[in-house]
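Next come the chains, spelled out residue by residue.
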Amino acid sequence: MKLILLGAPGAGKGTVAKLLTAIDGSVQISTGDILRAAVKDGTDLGKEAQGYMTRGELVPDALIMGIMGERLLEDDCKPGFLLDGFPRTIPQAEELKVLLAKLGIELDGAVNLNVPRDVILDRLTTRRTCEDCGEIYNVKSNPPKVEGVCDKCGGNVVQRADETEEAISKRLDVFKEQTAPLVGFYTGENMLIDINATSSDVVVADIKSALGI
Ligand code: AMP
């Protein structure tokens, strides 16, 4: 499948993407994961992106489009991909449309994961992430078996630098101003699949039923 996953930080895009990859081998592409890996490796991209990320701001569109323009050409995207955290602004969505048309790729839809703000805040402050493989945990509902150690790869499970209360609040404001308008954009493109994502166990079934698979 070829899907865009829309939704606020903490709406469950990463978790849902991982579950969807298991269905047909489509690859998850998370711009946040790509950027965090670049920061960890100290690459030029990472150095440029780090400040924006720590402040909870968006990285400039040109940087993101450079990453995605290359990533979508890779062979593992051919069977399908789940775009997690991209596009994040109207200019990114417009550029993605042009890029996909050039590559002859048609999307199956843009899934909007709807979750109320109070649930989001609770999820983000209790979320923990593996620094190495990106696996997501929650200190209340889904902690790793050994505190601080990833069940999957043994990496360090940490609270992300942009998951302080101040950065979370900034990220939610940025989402409202710059990313929420994408719902209107994809409605206009006749691609929006709106999903109530408060209760995570029905989300994948609802997406599959909307796609008819
Ligand atoms: P995420 O893991 O998707 O919440 O992304 C973490 C951070 O990476 C965001 O707060 C932004 O600073 C940056 N980022 C990720 N994806 C994008 C994007 N598509 N456009 C701009 N910035 C992004």
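Structure: above.
Fair warning: this is a prediction, and the values are worked out from it, not measured in the lab.

**Focus on the overall build of the protein chain**
So, point 1. Each helix and strand in the protein chain was counted, giving nine helices and eight strands.
So, point 2. Expected size for 213 residues packed as a compact globule is a radius of gyration near 17 Å; at 16 Å, the protein chain falls within 12% of this value.
So, point 3. Along the longest, intermediate and shortest principal axes, the C-alpha atoms of the protein chain span 45 × 40 × 35 Å.
So, point 4. A separation threshold of at least 6 residues defines the contact pool for the protein chain, and within that pool the share at least 24 residues apart is 69%.
So, point 5. Entry remark: accessible area of the protein chain is about 10700 Å², with carbon and sulfur atoms responsible for 51%.
So, point 6. Taken as two groups, the 24 positive and 33 negative side-chain charges of the protein chain have centres that lie 2 Å from each other.

**Here's the deal with the site of the ligand**
So, point 1. In the vicinity of the ligand, 16 residues are found, and the nearest of them are Thr31, Arg36, Glu57, Arg88 and Gln92.
So, point 2. Note that a nitrogen atom of the ligand is positioned 2.8 Å from one of the side-chain N or O atoms of Thr31.
So, point 3. In the environment of the ligand, an oxygen atom lies 3.3 Å from a nitrogen or oxygen atom belonging to the side chain of Arg160.
So, point 4. Burial of the ligand by the surrounding chains reaches 96%, relative to a free accessible area of 480 Å².
So, point 5. The greatest single-element share of the shell around the ligand, amounting to four residues, is contributed by helix α2 (residues 31–41).

**A look at helix α5 (residues 90–103)**
So, point 1. The terminal C-alpha atoms of α5 lie 20 Å apart, and with 14 residues this matches the ideal 20 Å at 1.5 Å per residue to within 8%.
So, point 2. Looking at α5, one finds that the buried residues are Gln92, Ala93, Leu96, Leu99 and Leu100. Take α5 and look down its axis: the buried residues cluster within an arc of 125°, on one side only. Across from the buried face of α5, at angles greater than 90 degrees, the exposed residues are Val98, Ala101 and Lys102.
So, point 3. Buried residues belonging to α5 abut β1 (2–6), α4 (61–71), β3 (81–84) and α8 (181–188).
So, point 4. Here α5 starts with a cap whose side-chain oxygen sits 3.1 Å from the backbone nitrogen of Gln92, and that cap is Thr89.

**Digging into the packing of helix α1 (residues 13–24) against helix α9 (residues 203–211)**
So, point 1. Following both chains from N to C, one finds α1 and α9 inclined at 55°, their axes separated by 10 Å at the closest point. Taken together, the axes of α1 and α9 are oblique relative to one another. For the crossing formed where α1 meets α9, the hand is right-handed. Within the contact between the two elements, α1 uses Val16, Leu19, Leu20 and Ile23 and α9 uses Val203, Val204, Ile207 and Lys208.
So, point 2. Of the residues belonging to the contact of α1 with α9, the class tally is seven nonpolar, no polar and one charged.

**Some points on helix α7 (residues 165–179)**
So, point 1. In a regular helix each residue adds 1.5 Å, so 15 residues correspond to 21 Å; α7 covers 20 Å between its end C-alpha atoms and thus fits that length.
So, point 2. Along α7, the residues that are buried comprise Ala167, Ile168, Arg171, Leu172, Val174 and Thr179. One face of α7 carries all of its buried residues, which in axial projection span an arc of 165°. In α7, the exposed residues that point more than 90 degrees away from the buried face are Glu165, Glu166, Lys176 and Glu177.

Quick notes on the rules
Residues numbered from 1 in each chain as written. Predicted model: local features only at pLDDT ≥ 70, side-chain atom pairs only at ≥ 80, totals over all residues. Heavy atoms only, no water. Helix = DSSP H or I, 4+ residues; strand = E, 2+ residues; numbered from the N terminus. Rg over C-alpha atoms; globule rule 2.2 N^0.38 Å. Contact = heavy atoms within 4.5 Å. Areas by Shrake-Rupley, 256 points an atom, 1.4 Å probe, with all protein chains shown as cover. Lys, Arg positive; Asp, Glu negative; His and termini not counted. Charge placed at Lys NZ, Arg CZ, Asp CG, Glu CD. Near = heavy atom within 4 Å. Polar contact = N/O pair within 3.5 Å; in protein donor to acceptor, adjacent residues only side chain to side chain. Expected span 1.5 Å × (residues − 1). Buried < 20%, exposed > 50% of the residue type's maximum accessible area, 1.4 Å probe, protein only. Arc of directions from axis to C-beta. Axes fitted to C-alpha atoms, helices over the stretch in contact; angles between N-to-C directions. Parallel < 35°, antiparallel > 145°, perpendicular 65-115°, else oblique. Left-handed = near helix turned anticlockwise from the far one by under 90°. Nonpolar A, V, L, I, M, F, W, Y, C, P; charged D, E, K, R; others polar.

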